[in-house]
Amino acid sequence: MLKVVIIDDEPKIRRGLKSLVEKVRLDMEVVGEAEDGEMALEVASKTLPDILLVDICMPFLNGLQFIEQVNSILQDCIIIVITGHDEFSYAHKAIKLQVFDYLLKPVFEDQLENVLKRAEQQLLNSRLQNHYLNWTNQETKKHLPLLREAFCKDWVNGQLSEEYIRSQLAFLELDLSPVSGMIALKVAGQYTRGQLLKDWERELLVFSIENICVELLEQWQPYIIFHDRADNLIAITPLLNPSDWYELSDALQQVIEQHLEQVVIVAQRPLVDLLSGVSSVYHELTLELNRKVSYTPAVLLSQKHIEANYYKEDFSLQNLAEIIKISPTYLSRLLKNEIGVSFVEYLTQVRIEKAIQMMGDPTIKLYEVAEKVGYSNQHYFSNTFKKVVGLSPAEYRKKGNWR
């Protein structure tokens, strides 16, 4: 039943309007009356009516002033102005206040019945529409994870325009830091030191990896995490502290390998452009992952141990061969055949990459960077860096090329 409130300063008119509302026999009930605008605000707040019959000329707070204020209290209420003033200024102001209709006194039964029927229909239509919108919102929220996953897969594959990407990020409530980076993670194999482990069900493995990553990424809000069509885990996170961000991939790798006994490959890149740049960075990272996953177990483990021990100045091929438990000669040949460089060349690449990452932190001195990547001699570090990069460490940092 729809609730009606009548507002008029004359008791006789209020009684007459109430009698007419009851005569039209619609599904309506008069739940309140008021003789002035101030009292009407109090009644409206308590009863929350569906329809207001409002006189314009009232003491203290006139009808138009009341309508202005009541609109902030009642969001879904129909207001019908009933007045003895047939003046354009009143009608114009009432239209601006978006009242439903404007009737002149005396009001006849058929007039009121007609306007109340139309009001009833509009309320019904409005509530049906609101019900539908609420239902669609609930359904959207229910399926939000799937919608986000589908959007992200299309996004990284370069199938979307910048305008569409921007609108979908807002619609799907996906927040991103202005300075962000992308991390790609792939399970390379089920072995340790060449020995096969138990076979994991693919979906369970994917689910377990994502749970671990979500837990570690809690300190890196806002972030986006999803699986691409090849089941690689992709994360886009803030990149405010380069040194910490590059260490994040190591943490993800170590925790996953420790808990799931899976060899994991991780690649990461800063994002220069959050919209159009995502696709190109994604393809660079997946190419790197796919290249690495094709390596033999011995080479993969060699890379992992080099990346874990690069900071040791005396780390050698002999040390690595002992860890992997194969001969140095055979290991050297494997590295050259599969990754195209010798042990020393790969170790140097890793050290220079780590140095570049550390140089993004201006608080770390260059001599400290050299020591942290395995060079006790800063001059030798500088020469090696320039040979690989083409610039000295000081020149490279000055140009701000770390990103």
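The name given to the protein in an unreviewed UniProt entry is Two component transcriptional regulator, AraC family, and the organism recorded there is Pelosinus fermentans JBW45. Taken from UniProt, the Subcellular location (unreviewed entry) comment for the protein reads in full: "Cytoplasm".

Caption draft 1: Here's a closer look at the packing of helix α14 (residues 343-358) against helix α16 (residues 378-389). Interhelical geometry of α14 versus α16 gives an angle of 95° and a closest axis separation of 10 Å. With respect to their mutual orientation, α14 and α16 come out roughly perpendicular. For the pair α14 and α16, the contacting residues are Thr348, Ile352, Ala355 and Ile356 in the first and Phe381, Thr384, Phe385, Val388 and Val389 in the second. Grouping the amino acids of the contact of α14 with α16 by side-chain chemistry returns seven nonpolar, two polar and no charged.

Caption draft 2: Broad picture of a nonpolar patch on the surface. A cluster of nonpolar side chains, Tyr132, Leu133 and Trp135, forms an exposed patch at the surface whose accessible area comes to about 330 Å². Secondary-structure assignment places Tyr132 in helix α5 (residues 109-142).

Caption draft 3: Molecular detail of the UniProt feature "modified residue: 4-aspartylphosphate" (unreviewed entry) in the protein. UniProt's feature table lists "modified residue: 4-aspartylphosphate" (unreviewed entry) at Asp55, given in the numbering used throughout. Within the secondary structure, Asp55 is located in the loop between β3 (51-54) and α3 (63-70). Taking relative accessible area as the criterion, Asp55 reaches 4% and is therefore assigned buried.

Caption draft 4: View of the side chain of His227. Here His227 is to be found in strand β9 (residues 224-227). Judged by its relative accessible area of 5%, His227 falls in the buried class. A distance of 3.1 Å separates a polar atom in the side chain of His227 from a polar atom in the side chain of Glu210. With sequence-adjacent residues up to four places away left out, His227 is seen in contact with Glu149, Lys153, Val206, Glu210, Asn232 and Leu233.

Caption draft 5: Representation of unusual backbone geometry within the structure. Each neighbour pair has its own omega, and for Lys105 with Pro106 the value is -5°, a cis peptide bond. Inspection of the secondary structure puts Pro106 in the loop between β5 (101-104) and α5. For the bond running from Gln221 to Pro222, omega is -10°, close enough to zero to count as cis. Of note, the phi angle at Arg25 is positive, near 55°, even though the residue is not glycine. Examined against the element boundaries, Arg25 turns out to sit in the loop between α1 (11-23) and β2 (28-34). Owing to a relative accessible area of 76%, Arg25 belongs among the exposed residues under this scheme. Backbone geometry at Glu173 places phi at a positive 55°, although glycine is not the residue there. Along the polypeptide, Glu173 turns up in the loop between α7 (162-171) and β6 (180-189).

Conventions and cut-offs
- Sequence order sets the numbering: in each chain, residues are counted from 1 along the sequence as written.
- The predicted nature of this model means local features are confined to residues of pLDDT at least 70 and side-chain atom pairs, given and counted, to a pLDDT of 80 or more, with totals for whole chains, interfaces and linings taken over all residues.
- To get the side-chain values, take all heavy atoms of the structure and skip hydrogens and water.
- UniProt positions are given in the numbering used here, feature names are shortened, and annotations may be inferred rather than shown by experiment.
- Axes, fitted as lines to C-alpha atoms, cover a helix only where it is in contact. Angles between the N-to-C directions of the axes lie from 0 to 180 degrees.
- Numbering of helices and strands runs from the N terminus, with a helix taken as a DSSP run of H or I at least four residues long and a strand as a DSSP run of E at least two residues long.
- Each angle gets one of four labels, with under 35 degrees taken as roughly parallel, over 145 as roughly antiparallel, 65 to 115 as roughly perpendicular, and the rest as oblique.
- Contact definition: two residues touch when any of their heavy atoms are within 4.5 Å.
- Think of it as three bins: nonpolar holds Ala, Val, Leu, Ile, Met, Phe, Trp, Tyr, Cys and Pro, charged holds Asp, Glu, Lys and Arg, and polar takes everything else, Gly as well.
- The patches reported here contain residues having more than 30% relative accessible area and no salt bridge. Joining distances are 9 Å for like charges and 5 Å for nonpolar side chains (Val, Leu, Ile, Met, Phe, Trp, Tyr).
- Note on areas: these come from Shrake-Rupley sampling with a 1.4 Å probe, and a residue is covered only by the protein chains present in the view.
- Here, a salt bridge means any Lys or Arg side-chain nitrogen found within 4 Å of an Asp or Glu carboxyl oxygen.
- In this scheme, a residue with accessible area under 20% of its type's maximum is buried, one over 50% is exposed, and one in between is partly exposed, where area comes from a 1.4 Å probe on protein chains only.
- In protein, a polar contact means a hydrogen-donor-capable atom and an acceptor-capable atom, both N or O and within 3.5 Å, with residues adjacent in sequence counting only if both atoms are side-chain atoms; elsewhere, any N or O pair within 3.5 Å suffices.

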